[in-house]
Structures are given as C-alpha cells and as structure tokens.
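# Geometric and topological summary
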Amino acid sequence: MSEHTIIPVHPQSAEYSLLTPSQLQAMTRRAERDPDGFWLDQAERIHWHSNPTRAFCGSFQDDVEINWYHDGTLNASVSCIDSHLGDRADQVALISHRDGTDEAEKLTYRMLHERVCRLANALQHLGVSRGDRVAISLPMVSEAPIAMLACARIGAVHVVLFGGLSAEAIAERLVDSGARVVITANEIARGAKRIPLKHIMDEALKKAGAESAVETVLVLRTTDAPVAMLPERDLDFHDFVDWFEPDCIPEIMNAEDPLFLLYTSGSTGKPKAVVHTTGGYMVWAAYTMGMVYTHRPNDVLWCTADVAWITGHTSVVYGPLANGSTTMMFDGLPSYPQPGRWWELIERHKVTMLFTAPTAIRSLMREGDDLVNRYDLSSLRLLGTAGEPISPDAWMWYHDVVGKGSCPVVDTWWQTETAGIMLGPIPGAQKLKPGSATMPLPGVSMVLTDTKGDVIEGAGEGCLCVTRSWPGQARTLWKDHARFQQTYFSFSPGLYFTGDGARRDADGYYWITGRMDDVINISGHRIGTAEIEEAVGTDRRITECAAVGVPHSVKGHALVVFAIARDEQTSITPEDITRQVSLAIGRYAAPDEVFIVPDLPRTRSGKIVRRLLRKIASGELDTLGDLSMLSDADSVDMLINTVWKEE
Ligand code: ATP
Ligand code: MG
C-alpha cells in the first residue's frame, strides 16, 4: 500500500481543541494506569441522581458479565434536558427541517422538556411502565427524539425501527422485543416517494397476530395523506398527547437498567438486538461526542444518520443533548428536489459540524465541486464520517472541497455494539491521515490479533479486538446471551472480537481493512476488501465498488470486483480496473472478474452487503438467505442477470 498523506493539525481546530497533544497523551496514560478512577471522572459529564462509587465490575471470561456504575442512579432524559434548564433553557436544542418547507421547527431546551413530558405522561396513561418496551418507527422529525426521551423519562425501553423496513421485518422485531406500544406516522416522504408507514405497520401487526403484545398504536400525521385507524387500538398522536401535563417526574433508574434495544444493520446476516443500559451508555455518549465533537455554545451539529441507527441514537439524540448542544435533523434526501439541498441547509442553519457516511460523500462528490462552491459553507468547522471505510480520495474531497481545507475530517469507527466512537481523532490534538480512523480514544484498549487470537505487537495487520470493557459496551443480545458470548467472545477468550480487520502503521494509526468474514485469501496472501476497493476507487471514473473472494481450487480465492461507473457515458472497461489493481497492489491481486453495475446491494443503513455479492459471484443462488435487510431487493435480480446472463 502506498504511503499516505499526513494532514497537520488545523490551526482553527487547535483553537477550540480541549486538549493539547501532550494533554491527550497524559489522559491516555491515566486511563491505562487507573481505569476505575478515569471512568469515574468521566461519569461527571452527565447528571446522576446518586453518584456511582465504582466504575466497572464484571469479566470478559466465562459467562461474560458487563456492569458499569452499578450503584449509580439516574434518568437519561434528565441528563439530556433538565440538567440544561438552569443555564440554557432558551437555547435551541433541536432544529427539525422538514422537506418541502421553508421554515424549520426549532425547539429550545424548555420546549423540548414540555414535549417530552407530555408524551411521557401519555405513555404512562396507556399503562407503559418501567422496563416495558415501546417501538418507535417515525420519519426524521422532532417527535422521534421526543419519543425516545419520553420512554427514557418513565423507564420504558425504546426500540427504534427504521422506516424503510418491510412488514415482515417489523413483525419479527415487534414479537422479538415484546413492545406494548408503537409510535408511528401515517407516511414518510423520501424525495418524491411516499412510504405508507402506518399501512405497513398494520400489515406487520396482522402478521405478528397473537404473538405481538402491542395494545396501542400512536399515529403522527406528518402529511395530509389519509390514514386508516383501528378505533380500539389506534390513537392520533397530537389529539391524544397534547392534553397531558407538560411536566413529568422522571423515573429514577439504576445504571444497569436497559435504556434501549437496537437491531444492527444486518450486513453480515440476521440482525441482532443489542441491549444498552442507562448509566454506561449515557457516560459513553457524552464522553465520545464531547471528545471528538468538542461541543461549544452555538455549535449546530448535523448528523445525517437516521435515528434508527446507533449513529442516530448517539450523534443525533443522546450525545449532543447530554453535552448541551444544538442538534439538527432533516427528513429529506441530499439531492432532492435539486442537487445542492444539503449545502443549502448548511448555509441556512449555519451548521458547524457535519457528520455523514462515506456512501453519501461519494454520491455528493459525483455531483461535482461547482455545486458545493455555490453555497456559503463557512460556518463549518468539523466534518465527520462513520459506517464504512472511507477511501482517501473521498476523504480528501470532503476535506478540500466541503471543508475548504480548514476543517478536520474525523473518520470514526464504531458499531451498534460499541454505542459510540472507539477509534477516531481528537481534533486539534492529532494529525490526520486520510483513510485512517486514527487511534483508540483514551480508555479504549484495542489490540490486533492473528487469526488464532494471539496478540500482534507494533505495526501489523490482523483482527481488531478490545481487551477491556468500556462504559458503552452492549451488555447482551436481547434474550440471547449465548449468542452474545458466541459472537463476540468465543474467538479469543478474554477479548471482545469486533469482527473487523485492521492494519496498524508504525505511528500507531489504525486502518480498517474490512470485515474479517470478507477477507480475501489469494494464493496465501490475505487482503482486506477495503484495500482492493481503495485501489479501484482512486479511478475518478468509478463512484463506488465492492470486492469479494469466491472459492478457487488453486488460489484459495478468486477476486471478483463490482464497480459503479460515475455515469453512463463513462468509458471504463473491466481491463482498466484489472490494470489499476495490479498496479496498486500487485499482479497476484489482479481481479479474475470485473462487473460494471448500476448499483450494489445495500443494507437499509446504506452499507454494501458483500456477503450477497459473494454468493452471487460464486453462483450460490439458492442460498442467498435473508434479504429483509436490503434497501432495494430488486438490485439482487439485476446483479444475478449481470453476472450470469452469458451462461
Ligand atoms: P451486522 O452487525 O448486523 O452485520 P453492521 O455491522 O453493518 O451489521 P453496524 O453496527 O451499524 O451494523 O455497523 C458497524 C460496522 O460498520 C463495523 O463493524 C464496521 O465494519 C463498519 N464501520 C463503522 N464505522 C467504520 C469506519 N469509520 N471505517 C470502517 N468501517 C466502519
Ligand atoms: Mg456488525
């Protein structure tokens, strides 16, 4: 792999940085020396009803028990709202910009408090109490975070479901989680498309039948579209909720009481319902977002992730609000009704921190620089990304064209299971390397191991594992602790196995190479998917690509590459791509087959599902498995036709 560019600390970021490089080093050393003391100090970032006296209890061995701050008590909604009412009640907490409208809804911390309390009282009136599950399936509107915080207020466990899920996928999750109440909307507008959310929910409840515990469905009307209501089950959200008192005494929770269940993206198979608890999660959300996003008064953080993903939970709702910041939501698409929509919103709302996924960056990049340059983006001071490896060229575009070279780009690595950032730069205190998620945050103890689970020291490449628990670690998988142990702790006893591969360079920077399940082994050379995809992606004629290995009798794996051309007129041939990979990596890595395709199969959170591509490329068409996680199941037929049309 070529040597990478190093971006020095940006002068502006050094100004607002909370830490100098030497302070960061001291903090990291302290966390290593005295983890308990360190994490008790970090616990002060949030509001406790009674302070914890111990940080971690438990073990990664045997049954795996994870327990943080176990004698502390708190309420997450108090940390996010009430604790700010003293000094910033009239500061905007939430900007919600609805597509097709000119004016955004702006809720101050005081208004947010009222709205959350009304819904909390309404839920209590419906019989929801401590520990009960509430499913939330809403567009990106203010009622989504309000619903999450209202659950937290009364000790109910929220289960946010993505609005694009099929009726089958919703039914499965409603039954699995045992939700008693559902909060949904009549429909979701996605660009010109309408998703009849309530109708899909009705279908899901029909499918779930007697297995579902749902008694009430609260229906928010986000558009004028008519909606069928079942009189004994369905209630209009505002008609019902707005009558309740705007104050609600928070339920005092134990630190280890569950705050939410969240299903993973399903990139590698059947989604898992991860359980996060109250105290550790809140400290982690405040700590990770506070360290990497260094919130200051007047900051407006726009994380474009849907609230149904962990990035939405932590970077749209709990992280910014715990830190007293202003968080922004938008329910539309990046380029609808016309390209440039996102840039227009950044200019209008003076967004200071933008946080999005590599796939969005690549599609915005495809629209060209002129469009970005038409808007005043001078409010921006920090750019973030997460979710998939970002290739250095997309990183540089984000940095140079969107950030005009003066905003640090923070590439942050995390998982639903980690709840927050594990690897990521501290702006102003660290140099950046485009394509690297930098280093573990202080207190995060990462190692690389070989495939047998033995730790690799110094520079090298291997499986990314964590040696010590962190406050935001998932405690278990819902009703399936055995699967939790098996998935994360059986690889190398005593280590949390992330499932991802990474390379650590001589400076200690980490480079995610892809998922370990996707690693390609060609004639004894192990190559991560990210490395091949980076080599293909540097060709400006390619927007996005995916590499997979299929069994080969001699070489172990044959390499197959799927690539999306920038536009239909682009002349790029499979031979060009083969040449590109041979040049960048070596002749041994030359792809055996290359397909130029219009799109790739993605999860509903936008991630490429390489598992499916592998099956299609190797002709295992009968065992494609569960497709419910796909955003567009039709893409599968299209791919099968492309790969097998000549056979
Ligand atoms: P499932 O676990 O159901 O297969 P998933 O792993 O895609 O789905 P998430 O928890 O949403 O579900 O995603 C976490 C994964 O996303 C990580 O394990 C990693 O593979 C990838 N990822 C996240 N951030 C980054 C990043 N900055 N760089 C590279 N990869 C990343
Ligand atoms: Mg995963």
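A quick note: this is a predicted structure, and the numbers were derived from the prediction, not measured.

## Concerning the UniProt feature "domain: Acetyl-coenzyme A synthetase N-terminal" (unreviewed entry) in the chain
The sites that UniProt annotates as "domain: Acetyl-coenzyme A synthetase N-terminal" (unreviewed entry) are residues 25–80. Annotated as 39% helix and 18% strand, the span residues 25–80 places its first and last C-alpha atoms 29 Å apart.

## Considerations on the site of ligand 1
Taken together, the neighbourhood of ligand 1 is formed by 20 residues, with T264, G266, S267, T268 and T416 sitting nearest. G387 is positioned such that a nitrogen or oxygen atom in its backbone is 3.0 Å from a nitrogen atom of ligand 1. The contact in question runs from a nitrogen atom of ligand 1 to an N or O atom on the side chain of D411, over 2.8 Å. Protein contacts shield 94% of the accessible area of ligand 1, which totals 640 Å² for the unbound molecule. Across the shell around ligand 1, the residue classes tally to 4 nonpolar, 9 polar and 7 charged.

## A look at the UniProt feature "domain: AMP-binding enzyme C-terminal" (unreviewed entry) in the chain
The UniProt record annotates "domain: AMP-binding enzyme C-terminal" (unreviewed entry) at residues 531–607. Helix makes up 23% of residues 531–607 and strand makes up 32%, while its end C-alpha atoms are separated by 17 Å.

## Re the sheet that holds strand β12 (residues 234–236)
Taking strand neighbours across the sheet as the criterion, the 8 strands line up as β12-β11-β8-β6-β7-β14-β15-β24 in an open arrangement whose pairing is mixed. The open sheet is flanked by β12 and β24 (476–477), the only strands paired with a single partner.

## Comments concerning the confidence of the model for the chain
Considering every residue of the chain, the mean pLDDT works out to 93; 99% of them sit at 70 or more. Here the complex is predicted with pTM 0.95, and the ipTM for its interfaces comes to 0.99.

## Some points on the packing of aromatic side chains
Tallying each qualifying case throughout the model produces 26 aromatic pairs. Geometrically, the ring pair formed by F38 and W39 is edge-to-face, given 4.9 Å between the ring centres and 80 degrees between the ring planes. On the numbers, 5.4 Å between centres and 90 degrees between planes, the contact of Y281 with Y318 is edge-to-face. Highlighted residues: Y281 in helix α10 (residues 278–293) and Y318 in helix α11 (residues 310–322), separated in sequence by 37 residues.

## Quick look at the pairing of strand β31 (residues 593–596)
Relative to β31, strand β30 (residues 556–565) runs parallel, the two sharing 4 bridges. Note that in β31 the partner of A563 across the bridge is I596. Handedness of the crossover joining β30 and β31 through helix α18 (residues 574–584) is recorded here as right-handed.

## As for the pairing of strand β16 (residues 300–303)
Put simply, side chains in a regular strand alternate between the two faces of the sheet. Side chains V300 and W302 project from β16 onto one buried face, and the interleaved L301 and C303 project onto a second face that is buried too. As for the winding sense of the linkage, the β-α-β connection from β16 through α11 to strand β17 (residues 326–330) is right-handed. Of the strand pairs in this sheet, β16 and strand β18 (residues 353–356) are connected by 3 bridges, and their pairing is parallel. Its bridge partner being in β18, C303 is matched across the sheet by F355.

## A word on the domain arrangement of the chain
Partitioning the chain into structural domains gives domain 1 (1–33 + 333–444), domain 2 (73–292 + 307–315), domain 3 (445–514) and domain 4 (523–644). Using C-alpha coordinates to define each centre, domain 3 is positioned 26 Å away from domain 4. Counting residues at the interface gives 5 residues for domain 3 and 4 residues for domain 4. The contact between domain 3 and domain 4 buries some 300 Å² in all, and 45% of this surface belongs to carbon and sulfur atoms.

Thresholds, definitions, all that
- Residues numbered from 1 in each chain as written.
- Chains lettered and ligands numbered in written order.
- Predicted model: local features only at pLDDT ≥ 70, side-chain atom pairs only at ≥ 80, totals over all residues.
- Heavy atoms only, no water.
- UniProt positions renumbered as here; feature names shortened; annotations may be inferred.
- Helix = DSSP H or I, 4+ residues; strand = E, 2+ residues; numbered from the N terminus.
- Near = heavy atom within 4 Å.
- Polar contact = N/O pair within 3.5 Å; in protein donor to acceptor, adjacent residues only side chain to side chain.
- Areas by Shrake-Rupley, 256 points an atom, 1.4 Å probe, with all protein chains shown as cover.
- Nonpolar A, V, L, I, M, F, W, Y, C, P; charged D, E, K, R; others polar.
- Pairing = 2+ DSSP bridges.
- pLDDT = per-residue confidence, 0-100.
- Phe/Tyr/Trp six-rings, centres within 6.5 Å; stacked < 30°, edge-to-face > 60°.
- Right-handed = clockwise from strand over helix to strand, strands pointing away.
- Buried < 20%, exposed > 50% of the residue type's maximum accessible area, 1.4 Å probe, protein only.
- Domains from an automatic or database assignment.
- Contact = heavy atoms within 4.5 Å.
- Buried area = accessible area lost by both parts, 1.4 Å probe.

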